[in-house]
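Residues per chain, in single letters:
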Amino acid sequence: MSGLIALVGAGNMGGAMLSGWLKNGVDPSSILVIDPGANDAAKARFQEAGVQHVTEAPVNTTVSLLFLAVKPQIMAAALPSLKNLVGSDTVVVSVAAGKTLAFMESHLGAVAMVRAMPNTPAMVGRGITGAYANGLVSEAQRATVHDLLKVSGPVEWVASESDIDAVTAVSGSGPAYVFYLVECMAEAGRKAGLPADLAMRLARETVAGAGELLHQSSDDAATLRKNVTSPGGTTAAALSVLMADDAMQPLFDAAIAAAKTRAEELAS
């Protein structure tokens, strides 16, 4: 893209995005990192990459893209000092959970904005992001934002801002569900007689491997499940428990609903 990209916050998510941009050929001289809390190691990485780093927003400067990757709880304090960076051609992208476009507009004005929800696998280039653009975002700006977000994985655009709450519940919070699945499998293996460390290794690598198979296969999840399930076999015995009417699906229905409700509460 042409013009200056200002990245506000270079922690886990912001740092992951920055690494992805640089690996995918974004000109380092077009990136301005604004992060007063960057440690010495991060500053050294910025310098080595040729990325400019400042502790506060410069004056008399507007940017093409303002990428907000600060924690939601400090967003209100951070935004006022960033308003001078926003011009008529700026698009603002926020990855802060629970912070609505209306909230950002109250601080930055009515400008082109995108609300995005990545997830933590973005840190290894295997995330997925849901995104919603307001009506002021041009097709060219949307394409630019898409290219910048996709460095960490696929980007799915949703039809309404409220859909971001459901995205948050499914994929934003989703990695934690998978990690907990590993914990549960490992604990069940321990109870079945395996040493705890072996049970954890088996569970961890099984989930990681199954995820990679799902990633690489053209088959859907249901087909892959059926492929590994022999009639009357051990997998079928386990699935008869997990797929019972009162088992895993209603549990996930309730979990996703709870996460979505909480996202709505945070947004309001």
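Per an unreviewed UniProt entry, the recorded name for the chain is Pyrroline-5-carboxylate reductase, and the organism is Allorhizobium terrae. Of the comments in the UniProt record for the chain, the one headed Pathway (unreviewed entry) reads "Amino-acid biosynthesis; L-proline biosynthesis; L-proline from L-glutamate 5-semialdehyde: step 1/1." The UniProt entry for the chain carries this comment under Function (unreviewed entry): "Catalyzes the reduction of 1-pyrroline-5-carboxylate (PCA) to L-proline."

A. Main features of the pairing of strand β1 (residues 5-8). The two faces of β1 match: I5 and L7 on one face and A6 and V8 on the other face are all buried. The pairing of β1 with strand β2 (residues 31-34) spans 4 bridges and is parallel. Bridge pairing links L7 to V33 in β2.

B. Inspection of helix α2 (residues 40-49) at higher detail. In this structure N39 caps α2, since a side-chain oxygen of it lies 3.2 Å from the backbone nitrogen of A41. Positioned one or two residues after α2, G50 has a phi angle of 85°, which is positive.

C. How the structure looks around the pattern of salt bridges. Summed over the entire model, instances satisfying the criterion amount to 9 salt bridges. Across the pair K150 and D147 runs a salt bridge, and its minimum N-O distance is 3.5 Å. In this structure, R190 and E187 form a salt bridge, with 2.7 Å as the shortest nitrogen-oxygen distance. Note that R190 and E187 are positioned in helix α7 (residues 174-191) at a spacing of 3 residues, about one turn of the helix. On the basis of relative accessibility, which here comes to 39%, the residue R190 falls in the partly exposed class. On the basis of relative accessibility, which here comes to 31%, the residue E187 falls in the partly exposed class. Members of the salt-bridge network, linked through shared partners, are R115, E161 and D165.

Rules behind the numbers
Residues numbered from 1 in each chain as written. Predicted model: local features only at pLDDT ≥ 70, side-chain atom pairs only at ≥ 80, totals over all residues. Heavy atoms only, no water. UniProt positions renumbered as here; feature names shortened; annotations may be inferred. Buried < 20%, exposed > 50% of the residue type's maximum accessible area, 1.4 Å probe, protein only. Helix = DSSP H or I, 4+ residues; strand = E, 2+ residues; numbered from the N terminus. Pairing = 2+ DSSP bridges. Polar contact = N/O pair within 3.5 Å; in protein donor to acceptor, adjacent residues only side chain to side chain. Salt bridge = Lys/Arg side-chain N within 4 Å of Asp/Glu carboxyl O.

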